[in-house]
Amino acid sequence: MMMPSTSEPNPLLSIEFPIPFDRVRAAHVEPAMAELLAAARQRLAALAGQPGPRTFENTMRALDVLAEPLDYAMGVVRHLESVATYPELRAAFNAVQPAVSAFYTGIPLDAGLWRSIQAFAAAPEAAALAGERRRFLHKTVEAFRRQGAELDAAGKLRLEAIDVELTTLTTKFSENVLDSTNAFELVIKDEAQLAGLPPSARDAARESAARKGLQGWRFTLHAPDYFAVMTYLDDAAIRRQVYHAHSVRATSGAWDNRALTARILELRAQKAHLLGFADFADFALEDRMAHNGARALAFLEELKAKTEARFQEENRELEGFRRSLEGTAAPALEPWDVAYYAEKQRAALYAFDEEALRPYFPLASVVAGMFDLVQRLYGIRVAERPGVPGWDPQVRYYDVHDEDGTFLGGFYADWYPRENKRGGAWMDALITGGPVADGTLPHVGVICGNLTPPLAGRPALLTHREAETIFHEFGHLLHHLLSRVEMRGFAGTNVAWDFVELPSQIMENWCWERASLDLFARHWETGATIPDELFQKMKRARTFRAAGAQMRRLGFGYVDLLLHTRYRPETDGDPVAYARRILEPFTPTPLPPDHAMIAAFTHLFGSPMGYGAGYYSYKWAEVLDADAFTRFRESGIFSRDVGREFRGSILSRGDSEDPAVLYREFMGRDPDPHALLERSGLE
Ligand SMILES: [Zn+2]
């Protein structure tokens, strides 16, 4: 790697549009961050020690833009590290991370800054604030309190000690899960034992064995292997063996997570008490739509009550289906039988092969149809602009204009897997700007995926799920690009965690409607739309065992909330056994006595905060998106009027208003779970 020449300015030091991705090198990272951190610290010191009267401008706005250049530069580097990494870049990124994150966590603990904010909050100007500015002051004060600003010196030390211990323990928790997962392998030598397994899974198992220098077929506990075995393998004894190994991960020897789990729960409770909350759920949810643990739990209770009957029915149907195959003497289903017989039942009922849809989802047509859809709904025009520098030849850049010609912003799309890119699909904001009328920067974002690439002379042909993924990430992107708020910290996707998936998930609904599918789902060779028979099968298969899927999510939500509210180690004992008792009513079969799912539940315990007390959000967001979509359905799924309202009340508002208020503004009422239940075939 060549050092950048001294005459060439460091491209990370100023916010530029288009972003100079072609000029950023690993060698720029450390000098840029050193300079930007020093500048941010200086601004912080000036803000904290400033003489004279406090005003919104010199205090709240100064705080809002305090770290903007640093945020931008770290955002660009973090992005490049995830889509175009190389050893020098990773090393540089890792080298700057500790100082940068220490700077951010230190902001709310800075006593001078906290005094400045309190001084402003007590000033007459603050009392007269309204709307977004009033909310910004209120939320800033609350956030500082939640992060310990009001604690005395001893309290701050105690908070720091708790956070350090939580970081250590949750890191260890994750490592134990990974190590105990990796410690298991099953090598099958006799091909007859593979009966039932599809060729793709056999090939993967064969390659996995070969990589280890073994003969035969190797299966691990990682998701693709585990689900293939549970879903397809005929041999029940092998399914049982793999199920058991999976369900007792991280519960023995050097990888035992049971005591760690209890201690993590204890520390989280202590942290909540220290900061003035009754329990960790109330602490974690204060700033979210649910606001507290009781409300989140009541939400789950309501859905559970409406799902249970159908859940029992589904389980009886599955038992009946098994007897139809194996006779009336067939044994009761065991946990390792459920996915296996359910797959057979699904195939028998729907004769639906997801692969049959692929020819109708060429990526270019999906993307073009989606742009057409948002033009109809929101009046915005999306157009590719060639020649804008990216980080890989696969990357495309697009401009977005409003119908009156205003330039709203731009985004990059990077859809295919590469070795230098991380897995999954995501959206990121790169520049938080605004509509470009007054010389400000535009909003700039990025959407990434790891979708099926073009193969052997064919365009990229996606699964239906992949098409939904594109719509989902584009929904997050619209939330960013259409944002019209005053405060930077309120822009776009900077909203409550149980609200942020509304703009993204609602987009997926257009992947299930005949009229919108016909815009973008076109056979790559003939241009034909999806045949009606195939469309009907796809719709019917959507609600197959939907109650079971819902109960599973609700069960995890319950365990999460109860552990973070009611669980007491003195009276409830081992948290793993406690969680098993709670999960039991949510599972289709009784659980084995050593079932220890939460000992491997990294969502909850793999990081200091994680999804702790927040797992309910998955269902919460589904209620919102299904419910909000009913307005489009009622007025026509291309309704410009409803589109204008959704843009005006949700997409443009970021966190400038309470999400419950925004939702009510759009719907005219509070969220109603009916639409989700109906979509899942439960009402
Ligand atoms: Zn999302």
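Structure's up top.
Along every chain, residues carry numbers that run from 1 in the direction the sequence is written. In keeping with the model being predicted, local features are shown solely for residues with a pLDDT of at least 70 and side-chain atom pairs are shown and tallied solely at 80 or more, while totals for entire chains, interfaces and linings include all residues. Side-chain metrics in this entry use all non-hydrogen atoms of the structure; hydrogen atoms and water are not considered.

(A) Representation of the coordination of the zinc ion in the model. For Na, K and Ca the donor cutoff is 3.2 Å, while for all other metals N, O and S atoms must lie within 2.8 Å; water is not among the atoms, so some sites may look incomplete. Coordination of the zinc ion by the protein involves H472 (NE2), H476 (NE2) and E501 (OE), with metal-donor separations of 2.1 to 2.2 Å. Read N to C, the donor residues that coordinate the zinc ion are spaced as H-x3-H-x24-E. You can see H476 sitting in helix α17 (residues 464–481) and its partner E501 sitting in the loop between α17 and α18 (502–508), a full 25 residues away along the chain. For every residue, the accessible area obtained with a 1.4 Å probe (protein chains only) is divided by the maximum for its type, and the residue is called buried under 20%, exposed over 50%, and partly exposed between those limits. Of the residues examined, H476 reaches a relative accessible area of 8% and is grouped as buried. Using a relative accessible area of 25% as the deciding quantity, one classes E501 as partly exposed. Secondary structure elements are defined from DSSP: runs of H or I of at least 4 residues count as helices, runs of E of at least 2 residues count as strands, and each element is numbered from the N terminus.

(B) View of the nonpolar core. Only buried Ala, Val, Leu, Ile, Met, Phe, Trp, Tyr and Cys residues count toward a nonpolar core, and they belong to the same one when joined by side-chain atoms within 4.5 Å. Grouped together as the largest cluster of nonpolar side chains are 157 residues, with contacts concentrated most on F361, F411, F474, W510 and F632. Setting aside anything within four residues of it in sequence, one finds F361 in contact with V366, A460, L461, L462, T463, H464, A467, L517, F520, A521 and I530. Judged by nonpolar contacts, the second largest core, of 62 residues, contains V29, A40, I107 and W114. Residue contacts are counted whenever heavy atoms from the two residues lie within 4.5 Å of one another.

(C) Up close: the state of the cysteines. Criterion for a disulfide: a pair of cysteine sulfur atoms at a distance within 2.5 Å. In total, this model carries zero disulfides according to the counting rule given. Just so you know, C448 is unpaired, no disulfide at all, and the nearest cysteine sulfur is the one on C511, 19 Å from it. For C448, a relative accessible area of 0% gives the class buried.

(D) Structural detail: the pattern of salt bridges. Salt bridge criterion: a side-chain nitrogen from Lys or Arg within 4 Å of a carboxyl oxygen from Asp or Glu. Evaluation of the coordinates by the stated rule reveals 52 salt bridges. Here E142 and R145 are joined by a salt bridge, their closest N and O atoms 3.3 Å apart. Here E142 pairs with R145, and both are found in helix α7 (residues 131–146), just three residues apart, close to one helical turn. E142 sits in the buried class, given a relative accessible area of 19%. Given a relative accessible area of 35%, R145 falls into the partly exposed group. Here R263 ties to E165 by a salt bridge, and the two come within 2.8 Å at their closest N and O atoms. In this pair, R263 sits in helix α12 (residues 258–274) while E165 sits in helix α8 (residues 153–182), placing the two residues 98 residues apart along the sequence. For R263, a relative accessible area of 25% gives the class partly exposed. Residue E165 is classed as partly exposed on the basis of its relative accessible area of 26%.

(E) Quick peek at the sheet that holds strand β4 (residues 396–401). One bridge is not enough; two strands pair if DSSP finds at least two bridges between them. On the basis of which strands lie adjacent, the open sheet formed by five strands has the order β3-β4-β5-β7-β6 and mixed pairing. The outermost strands of the open sheet, each flanked by one partner alone, are β3 (381–384) and β6 (426–431). Averaged over all neighbouring strand pairs, the angle between strand axes comes to 25 degrees, with direction disregarded. Angles shown run from 0 to 180 degrees and are taken between the N-to-C directions of axes, each axis being a line fitted to C-alpha atoms and, for helices, limited to the stretch in contact. Across the sheet, helix α3 (residues 68–83) lies against β5 (407–414), β6 and β7 (443–448), angled at about 145 degrees from β6, the strand it touches most. α17 rests against β3, β4, β5, β6 and β7 of the sheet, and its axis sits at about 170 degrees to β7.

(F) Region of the structure containing the environment of D532. Inspection of the secondary structure assignment puts D532 in helix α20 (residues 532–542). By relative accessible area, which is 44% here, D532 ends up partly exposed. Along the backbone, D532 and A250 are 282 residues apart, and their C-alpha atoms lie at a distance of 48 Å. Polar contacts involving the side chain of D532 include one to the side chain of R514, which spans 3.4 Å. Any pair of N or O atoms that falls within 3.5 Å is considered a polar contact. Within protein, one atom must be able to donate a hydrogen and the other to accept it, and sequence-neighbouring residues count only if both atoms are side-chain atoms.

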